[in-house]
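Okay, here's what each chain looks like letter by letter:
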Amino acid sequence: MTCKETRPVLSASYKTDIPAFYGDWFINRLQAGHVTVHNVWNNRPFTVDLRPHALSGLVLWTRNIEPFLHHLPAVDALGLPTVIQFTVTGYPRNLDRFVPDAHQAVEMIRALARARGPDAVVWRYDPILFTSLTPPHWHRETFSRLARDLRGAVNEVVVSFAQFYSKTRRSLERAAQHSNLTWHDPDDDTKKALLGDLLAIAQDNGMTLSLCAQRHLLVPGLHDAACIDTERLSRLAGQTIITGSRSHRAACACAASKDIGAYNTCPQGCIYCYATTTHVKAREAAQSHKAGQEAL
């Protein structure tokens, strides 16, 4: 492999589902060669260079790639290695209100793998949420079924446990008020026991299991997830990808990236989402957004 100069990876986006809802806008920004992003702490705008020579690769995050499929040729024309982080959990509708059902999502991943190879798609089974509808045995059974269905289509599955930020707690409390749903955050031993079982299931189906930014829960055989993964991107590119120093949390194994998403813009309706205050606010943002805008 030859070596590329240091350039960041473009992340689109762990804050929202750009492929599902903002595909036209994303392609417009790629054609323009730049995008405006607002700092999440002070809302100050800054510009991200989207010209292919300024980037090392692209990571797309989604729960529904279907609305974006007709845009993939334009993405491929950039000549950048592209990885799709695809979340499939199979949760009941009480938790995931508007995402494709698990069977549809699995078929999307299998189609992507046939066209692009197993290195191009990473399955995400996260966040793992413990509720009265999804106790530990439910996760074991559902993960096992999905792993069997995705065998041969992906070679890695990323997991993490739900983080109970204030947004998440408020959403879960609202859900509990309108249904018989209860939820809890179990102790680390319970989580590690589940991880050990999921690890064995993943390995039985030809996949590695990695844990996203929760290093204190690692069990033997499990490793940190690198959702922005230069090794995977390098395999796809046929040359070494170097992104420079990381800018993420200490427990995060991701390489340096530029994320161009925005909070409160994803109308998938997942009640545990850390990136959305309310579904109503996110839906209104998506409905009012124009593909010609410079910022999301």
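Everything discussed here concerns the structure shown above.
Here we summarise the structure given alongside this text. These numbers come from a predicted model, not from an experiment.

Quick notes on the overall build of the chain
What the chain contains, in helices and strands, is 9 helices and 12 strands. The C-alpha radius of gyration computed for the chain amounts to 19 Å, which stays within 12% of the reference 19 Å derived for 296 residues, consistent with globular compactness. Expressed along its principal axes, the backbone C-alpha trace of the chain runs to roughly 50 × 45 × 35 Å. The proportion of buried residues among the 296 residues of the chain is 53%. A fraction of 75% describes how many contacts in the chain between residues 6 or more apart in sequence connect residues 24 or more apart. Only carbon and sulfur atoms are counted for the fraction: they give 50% of the accessible area of the chain, which is about 13,100 Å².

What to know about the nonpolar core
The nonpolar side chains of a soluble globular protein tend to be buried, and buried together. Counting residues in hydrophobic clusters, the biggest one holds 71 residues, and the most contacted among them are Phe26, Phe86, Trp123, Phe143 and Ile260. When residues no more than four places from it in sequence are discounted, the contact partners of Trp123 are Phe86, Val88, Phe143, Leu146, Ala147, Leu150, Val154, Glu156, Val157, Val158 and Met207.

Here we look at helix α5 (residues 136-150)
In a regular helix each residue adds 1.5 Å, so 15 residues correspond to 21 Å; α5 covers 21 Å between its end C-alpha atoms and thus fits that length. Along α5, the residues that are buried comprise Trp138, His139, Thr142, Phe143, Ser144, Leu146, Ala147 and Leu150. On its buried face, α5 sits against α4 (102-116), β6 (121-128), β7 (130-131), β8 (156-161), α7 (188-204) and β10 (208-211). Count one or two residues on from α5 and you reach Gly152, which has phi positive near 85°.

Remarks on the pattern of salt bridges
Pairing is possible between side chains of opposite charge, provided their charged atoms come close. Overall, the coordinates contain 11 salt bridges when judged by the stated rule. Between Arg140 and Asp197 there is a salt bridge; the shortest N-O distance is 2.5 Å. Taken together, the positions of Arg140 in helix α5 and Asp197 in helix α7 put the pair 57 residues apart, joining distant regions of the chain. A relative accessible area of 26% means that Arg140 is categorised as partly exposed. Judged by relative accessible area, Asp197 falls into the partly exposed class, the value being 33%. Note that Lys191 and Asp185 form a salt bridge whose closest N and O atoms lie 2.8 Å from each other. Assessed through its relative accessible area of 43%, Asp185 is described here as partly exposed. Taken together, the salt bridges that share partners define one network made up of Asp119, Glu156, Arg232 and Arg235.

Thoughts on the environment of Tyr272
With respect to the helices, strands and loops of the structure, Tyr272 is situated in the loop between β12 (257-259) and α9 (279-288). Placed 30 residues apart in sequence, Tyr272 and Ile242 show a C-alpha to C-alpha distance of 34 Å. If near-sequence neighbours (up to four positions away) are discounted, Tyr272 is found in contact with Arg63, Tyr91, Leu95, Asp96, Pro127, Leu129 and Thr168. Separated by 2.6 Å, the side chains of Tyr272 and Asp96 make a polar contact.

Let's talk about unusual backbone geometry
Peptide bonds are mostly trans, and most non-glycine residues show a negative phi. In this structure, the amide linkage connecting Ala12 to the following residue, Ser13, adopts the cis form with an omega of -15°. Topologically, Ser13 is positioned in the loop between β1 (9-12) and α1 (18-21). A cis amide bond links Asp126 to the next residue, Pro127, at an omega of 0°. The residue Pro127 is located in strand β6 in this model. Its identity is not glycine, yet Asn43 carries a phi of approximately 65°, on the positive side. Residue position: Asn43 is located in the loop between β2 (34-38) and β3 (45-49).

Some remarks on the pairing of strand β5 (residues 82-87)
When you tally the buried positions in β5, you get 6 out of 6 residues, the bulk of the element. Residues Thr82, Ile84 and Phe86 of β5 are buried on one face, and the alternating residues Val83, Gln85 and Thr87, pointing to the opposite face, are buried as well. Bridge analysis of strand β4 (residues 57-62) against β5 gives 5 bridges, and the strand direction is parallel. Following the sheet pairing, Leu58 is matched in β5 by Thr82. Both β5 and β6 contribute to a ladder of 4 bridges, which runs parallel.

Section: the sheet that holds β6
Read from one edge to the other, the open sheet built from 8 strands follows the order β11-β10-β8-β6-β5-β4-β1-β12, with strand pairing classed as parallel. Looking at the sheet topology across the chains shown, the edges are occupied by β11 (223-224) and β12. Running over the sheet, α5 touches β6, β8 and β10 and is turned about 170° from β6.

What about the side chain of Lys191?
Position of Lys191 relative to the elements: it lies in helix α7. Judged by relative accessible area, Lys191 falls into the buried class, the value being 8%. Engagement of the side chain of Lys191 in a polar contact is seen with the side chain of Asp185, the distance being 2.8 Å. Setting aside anything within four residues of it in sequence, one finds Lys191 in contact with Phe130, Phe161, Asp185, Pro186 and Leu217.

Thresholds applied
Each chain carries its own residue numbering, running from 1 in the direction its sequence is written. The predicted nature of this model means local features are confined to residues of pLDDT at least 70 and side-chain atom pairs, given and counted, to a pLDDT of 80 or more, with totals for whole chains, interfaces and linings taken over all residues. Calculation of side-chain values draws on the structure's entire complement of heavy atoms; hydrogens and water are dropped beforehand. Secondary structure elements are defined from DSSP: runs of H or I of at least 4 residues count as helices, runs of E of at least 2 residues count as strands, and each element is numbered from the N terminus. With C-alpha atoms as the basis for the radius of gyration, the globule rule is written as 2.2 Å multiplied by the number of residues raised to the power 0.38. Burial here depends on accessible area, computed with a 1.4 Å probe over protein chains only, as a share of the maximum for the residue type. Under 20% is buried, over 50% is exposed, and the range in between is partly exposed. Should any heavy atoms of two residues lie within 4.5 Å, those residues are counted as being in contact. Where accessible areas are quoted, they stem from the Shrake-Rupley method and a 1.4 Å probe; at the residue level, only the protein chains shown are allowed to cover. Throughout, nonpolar core names a set of buried Ala, Val, Leu, Ile, Met, Phe, Trp, Tyr and Cys residues whose side chains join them through atoms within 4.5 Å. Expected span, for any helix, means 1.5 Å times one less than how many residues it has. What makes a salt bridge here is a side-chain nitrogen of Lys or Arg within 4 Å of a carboxyl oxygen of Asp or Glu, nothing more. Here a polar contact means two N or O atoms within 3.5 Å. Within protein one must be a hydrogen donor candidate and the other an acceptor candidate, and residues neighboring in sequence count only if both atoms are side-chain atoms. For two strands to be treated as a pair, DSSP must find no fewer than two bridges joining them. Convention adopted: a line fitted to C-alpha atoms gives each axis, helices being fitted over their contacting stretch, and angles between N-to-C directions are expressed from 0 to 180 degrees.

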